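Chain and residue survey
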Amino acid sequence: AEPGKVKLPSEQPGSLFSLTPFLPVHLTGTKYSCGSGGCGACTVMVSRYDPKTKKIHHYPVTACLVPICSLYGAAVTTVEGVGSIKTRIHPVQERLAKCHGTQCGFCSPGMVMSIYTLLRNHPEPTPEQITEALGGNLCRCTGYRPIVESGKTFCAVSYDKKYFFNSYTSLSISEVPFVFCFVEMCTKLYNEDEFQPFDPSQEPIFPPELIRMAEDPNKRRLTFRGKRTTWITPVNLNDLLELKTNFPEAPIIMGNTAVGPSIKFRDEFHPVFISPLGLQELYFVDSTDDGVTIGAGYSLAQLNDALHFIVSEQPKEKTKTYHALLKHLRTLAGAQIRNMATLGGHVVSRPNFSDLNPILAAGNATINLISKEGKRQIPLDGRFLEKSPEANLKSEETVLSVYIPHSTRWHFVSGLRIAQRQENAFAMVNAGMSVKFEDGTDTIKELQMFYGSVGPTVVSASKTCQQLTGRYWNDQMLSDACQLVLDEIYIPPDAEGGMVEYRRTLIISLLFKFYLKVRRGLNKMVRTTSLGLWAPWPSGHEPCLRTAGNKITCFVHEQCVDPYQPPQDPVGHPVMHQSAIKHTTGEAVFVDDIPPISQELFLAVVTSTRAHAKIILIDTSEALALPGVADVITAEDVPGDNNYQGEIFYAQNEVICVGQIVCTVAADTYAHAKEAAKKVRIVYEDLEPRIITIEQALEHNSFLSAEKKIEQGNVEQAFKHVDQIIEGEVHVEGQEHFYMETQTILAIPQEEDKEMVLHLGTQFQTHVQEYVAAALNIPRNRIACHTKRAGGAFGGKVSKPALLGAVSAVAANKTGRPIRFILERGDDMLITAGRHPLLGKYKIGFMNNGVIKAADIEYYINGGCTPDESELVMEFIVLRCENAYYIPNFRCRGRPCKTNLPSNTAFRGFGFPQGIVVSEAYITAVASQCNLTPEQVKEINMYKRTSRTVHKQIFNPEPLRRCWKECLEKSSFSARKLAAEEFNKKNYWKKRGLAVVPMKFTVGMPTTFYNQAAALVHIYLDGSVLVSHGGCELGQGLHTKMIQVASRELNIPESYIHLSETNTTTVPNATFTAGSMGADINGKAVQNACQILKARLQPVIRKNPKGTWEEWISEAYEESINLSTTGYFKGYQTNMDWKKGEGDAFPYFVYGASCSEVEVDCLTGAHKLLRTDIFMDAAFSINPAVDIGQIEGAFVQGMGFYTIEELKYSPEGVLYSRGPDDYKIPTVTEIPEEFNVTLVRSQNPIAIYSSKGLGEAGMFLGSSVLFAIYDAVAAARRERGLTKTFTLSSPATPELIRMTCVDQFTDMVRVVRRAPY
Ligand SMILES: Cc1cc2nc3c(=O)[nH]c(=O)nc-3n(C[C@H](O)[C@H](O)[C@H](O)COP(=O)(O)OP(=O)(O)OC[C@H]3O[C@@H](n4cnc5c(N)ncnc54)[C@H](O)[C@@H]3O)c2cc1C
Ligand code: FES
Ligand code: FES
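This text gives an overview of the structure that appears in the document. Just so it is clear, the structure is predicted and the values come from calculations on it, not from any experiment.

Contact pair helix 9 (residues 300-313) / helix 10 (residues 320-331): the axes reach a minimum separation of 10 Å and the direction vectors enclose 140°. Relative to helix 10, the element helix 9 lies oblique. In this structure, helix 9 meets helix 10 at a crossing whose hand is left-handed. Every residue of helix 10 that contacts helix 9 at L300, L303, N304, L307, H308, I310 and V311 is listed here: Y322, H323, L325, L326 and L329. Grouping the constituent residues of the contact of helix 9 with helix 10 by class yields nine nonpolar, three polar and no charged.

Counted under the stated rule, the structure contains 37 aromatic pairs. Taking the centre distance of 5.8 Å and the plane angle of 90° together, the rings of W473 and F514 count as edge-to-face. Pair noted here: W473 is in the loop between helix 15 (462-468) and helix 16 (475-488) and F514 is in helix 17 (residues 500-523), with a separation of 41 residues, a long-range link. For the pair W473 and F514, a shared accessibility class is recorded, and that class is buried. Judged by centre distance (6.0 Å) and plane angle (45°), the ring pair of W989 and F1305 falls under tilted.

The next subject is the pattern of salt bridges. Per the stated rule, a full pass over the model turns up 57 salt bridges. D637 is paired through a salt bridge with K814; the nearest N and O atoms lie 3.3 Å apart. Of the two residues, D637 sits in the loop between strand 20 (629-633) and strand 21 (643-644) while K814 sits in helix 24 (residues 800-815), which places them 177 residues apart along the sequence. Residue K814 is classed as partly exposed on the basis of its relative accessible area, which comes to 33%. Through salt bridges that share partners, K709, E711, E716, D856, R891 and R893 make up one connected network.

In the vicinity of ligand 1 there are 32 residues, among which M254, T257, T342, D355 and V399 approach most closely. Here G255 contributes a backbone N or O atom positioned 2.8 Å from an oxygen atom of ligand 1. One of the backbone N or O atoms of D355 is found 2.8 Å from an oxygen atom in ligand 1. When ligand 1 sits alone it has 980 Å² of accessible area, and the protein chains cover 93% of it. Sort the elements by how many residues they give to the shell around ligand 1 and helix 12 (residues 343-349) lands first, with five residues. Considered class by class, the residues forming the shell around ligand 1 number 18 nonpolar, 12 polar and two charged.

Reading the values: the criteria
Residues numbered from 1 in each chain as written. Chains lettered and ligands numbered in written order. Predicted model: local features only at pLDDT ≥ 70, side-chain atom pairs only at ≥ 80, totals over all residues. Heavy atoms only, no water. Axes fitted to C-alpha atoms, helices over the stretch in contact; angles between N-to-C directions. Helix = DSSP H or I, 4+ residues; strand = E, 2+ residues; numbered from the N terminus. Parallel < 35°, antiparallel > 145°, perpendicular 65-115°, else oblique. Left-handed = near helix turned anticlockwise from the far one by under 90°. Contact = heavy atoms within 4.5 Å. Nonpolar A, V, L, I, M, F, W, Y, C, P; charged D, E, K, R; others polar. Phe/Tyr/Trp six-rings, centres within 6.5 Å; stacked < 30°, edge-to-face > 60°. Buried < 20%, exposed > 50% of the residue type's maximum accessible area, 1.4 Å probe, protein only. Salt bridge = Lys/Arg side-chain N within 4 Å of Asp/Glu carboxyl O. Near = heavy atom within 4 Å. Polar contact = N/O pair within 3.5 Å; in protein donor to acceptor, adjacent residues only side chain to side chain. Areas by Shrake-Rupley, 256 points an atom, 1.4 Å probe, with all protein chains shown as cover.

Functional significance is not addressed by these values, which are geometric in nature.
So, in structure tokens, the structure goes:
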């Protein structure tokens, strides 16, 4: 662009505010997943030259929040610039792929960019730096372990190699060659020797013209003019002040991490922006004897570096404020945001959740302001933070810097916070506190307390502090302080963010932590006065933070490939995902990466804002008048069925949930479509009843289907002969799929015969075809669905793409133009719903020795407003609810409730992860009643020999027993349990807990025809083979396994075989890719096709046994042998008779066990996962790398489900959690500090190569974390004299944990009166 004045060619609302739309269209690597800076999928590297230091600064940013104009003079490196399969792949890309760090690959380019940027700054990073660099990148598939491991291969001292080995293996590294099989245990999934070396000197140089530009002494003001907005970059400080005088209302844009989201999500508009980013005068550190002044332009990452330097230089007593800031800087957002956000921006934007402002205020920081009028200083104090007008900046003022004084010997400063997730999550409550003492005493001279996230601004507890001045730092003071602060800081019952009791408890719990910490410091300096009410038990003040750069151990699989297996046969080997390299280079094409199609239109949705209402009016006139809008599509435009099988495509006459699609707007750009969608006016009239919860549905008798019931023995009779009976209820909340690629559809109407082509990521193409055909009223043979890959699915892409496919096809049909329909993250979360919340009620009869004699269980799930898969989910829950336990008199009933919520759907595990928590809960309750451990009760009641399930299917639990036993033994459960008890005795405020859960899981469907599959295999004349089958690639490595199958069956190398995509024109009527059976059934079909071909080739081979494959193929062709065939698998023979409650419902069972250990901080409810051991019965794994990836990924997803993932609805049925800011999936810091996965060998002759489907089973094993938390909380409660059994619902969020660890603080909150003002 021409320096000086640049005019942007076109401008869409908000487009200046994201680099993403400006990336050249054919660069597919930078992904878009959330648009709010919260997921890292769009990470790119920005490099800038600093003319002052003459250094180049590389840093990661999230492209979705980087204003394009802010990049003037910067070099941007996207994943394409790092490496490509067309040129050369970079070691970062290669290692991420080869370490199996990609599954669906949607997060992979972002991961590559985060590691790559780190390496540009630190060619030999430490393990801690790797995890820190990845903290802002979400991955929903892998569970992070392999990603971290790939990064660690760059660490300086080839980081402790034993980490590669499971702690059960006693062999040292030198004894272990890379072979897949040694002794009995195999531990490696890749060969490090294959990695290309990393040579940092080979990286591209920084463009010299940018250096020249940066050093140009004649720089001028830059102005970028768009249609609605103007962006101005001042040339120097005077220019900035001039601009600020001329445009006092214009925001100063620095990192854009506060302004950007406001524009995007809160419709903020500014005609002028002033961006002094890079202005030298704002970047400096000035250290004096009293303190340090830091330029407002410093990013939070630079602030972090500067503070680290200062604390290394200064004596400890002077650096208490800096230490407090550093602690919070570590967890504030991810590395990308920390590199974008600036100190000035943070201080001025004053978010109510700010992690830094409370500490700065407590540390008596001041703000240096400048304007044309001159300079002045204002205190960064309570009045400033509470936004008192008289304490504010004037509109023409700019923050030049922030001054932070050193602390002193008698001055203590601390920062405290608690968030749903340890890192990259806004605090639920945070605080900055400081106290100054009269020299040599414990008399308070000055006390300051600031709290964040307790109101619309950060607030100061100034009255409390004043009243406590002059008091001794003792327990009486603390007791009064708690009362006073609770009176002063009032959170109204209907406060935004909810959790009122919890947040009030945190206010005083954090104060107590501060008290303890100061007390500990004081004790070393002065004789303190009375100890009384609350003895300062050790450990209370320390946060429950995970060790950075966690030690991650790994996996063992008891699988040895037969030494006589031909070397080219890949079955049983840890073959890399077929698309892994393309994932990491960003060249793997997802639907949104398909280049624009001529005439295409973008679709935006208008969704219902009422849970149950009559539609009185839909006024589209204003929307239709807007530029670029082609049409508005409503129910009227559906030529066929608009209500097909109970699923409504466009709402008609009435709406039945918030989030239901009422109409869509088609326009030339997405921005235009979205703008217009906001202008569609809908008038509603609320209808009764509005049913949101399961309880309300029960009241109204509102169900989606009839009861499903299964029963054995005589339950009523048995209850009469037991020692004890307990009854209870368990609530398990729902879960959002949070696949990284949101639902995306490209629907292209064809010229002829009403044909329609759809490209989409789905798990069930046949379903899409069916719904589109129904909506358009045309036969299915006119509709072609193509799925190359989906960026994660987890059940969320089984039924919903059919609905969304129909919605887009109707739009394509009406407009006659291709439709690109990409759901924004918020819309995706709102419309597509997720896992069913569940209510389980149990009545259990048992003997005092722990033997359970009778169980009567009732289940209800919240199905939402339409049938979807809810009935089937309930069937699965009922069929599998006994889990691993034999209860002779057993009755289980269940019904899906119909409510006015978006319709819940399939989700990995299909009801099992919710349902079985109830079984584990009552087992734990029985244990508590019998004074036994849960493990003892589990052992006593577990199936021990070949038996029949409750639905009368015969099975042999031997692998279950083995997994259970080994899990207990190899995890040293008993010894660690004792150690945890010892730990608990010594720590009042921290508790450790352990739990082991066994699992009997099922694969496949209770109906044979659902288990069928087909394949189509072509051999071409050069010998290359094209395999197609009905399964979809969702990241689970299905295509990779199918290539392994074809390679073995045809006896040719994998490189001969290609698998391009799944589509309905090659393999019709395919069943869903779900239920852990993708590889099972499609593998059989591919095997069948290959065997047919191999049989056809036999005569040719016999004639020329020494011939090559290519020779046989050309000979076969010459002999007119058909080189193409379909393969077919009829399906496993399964059946279920619900009338009798009997049937061989499942082809086979998968067994497993998992042991987890956690440490809980009773004062905040935070926990850390110390260790997990998983034993999974894999029979013979076709690809151990893929299977271990599935187990680990599912475990971490399960762990998230049971602990931190929390969907929040209003009582009116409005979903609040619509993005990564308010829905927290695990990040790299949540995974176990030590993680061992073992594949246990068994037999499964029914399945291909005696393998087992492992896609879902790991999910439930995540509940070992829930029950370990339960164990820890129970220990806390026992110590507090609460021995009664309690129910811990799921998820065990920090709120739930804290409020269950009842103590004097929770008591105080419950009794404290409302504040008088
Ligand atoms: C994904 C994500 C996660 C986050 N997580 C956390 C977290 O965990 N904890 C936390 O505390 N914060 C968090 N934040 C908030 C973040 O810290 C702030 O958004 C950030 O510090 C603002 O800085 P900025 O440079 O981006 O400001 P900008 O958005 O550029 O500007 C913000 C405001 O400050 C004004 N301004 C900027 N610089 C100056 C100046 N020099 N003089 C006068 N006015 C100025 C602007 O006019 C504007 O009004 C998160 C943000 C995101 C996007
Ligand atoms: S898309 Fe940019 S961070 Fe999620
Ligand atoms: S591989 Fe990370 S999101 Fe799928």
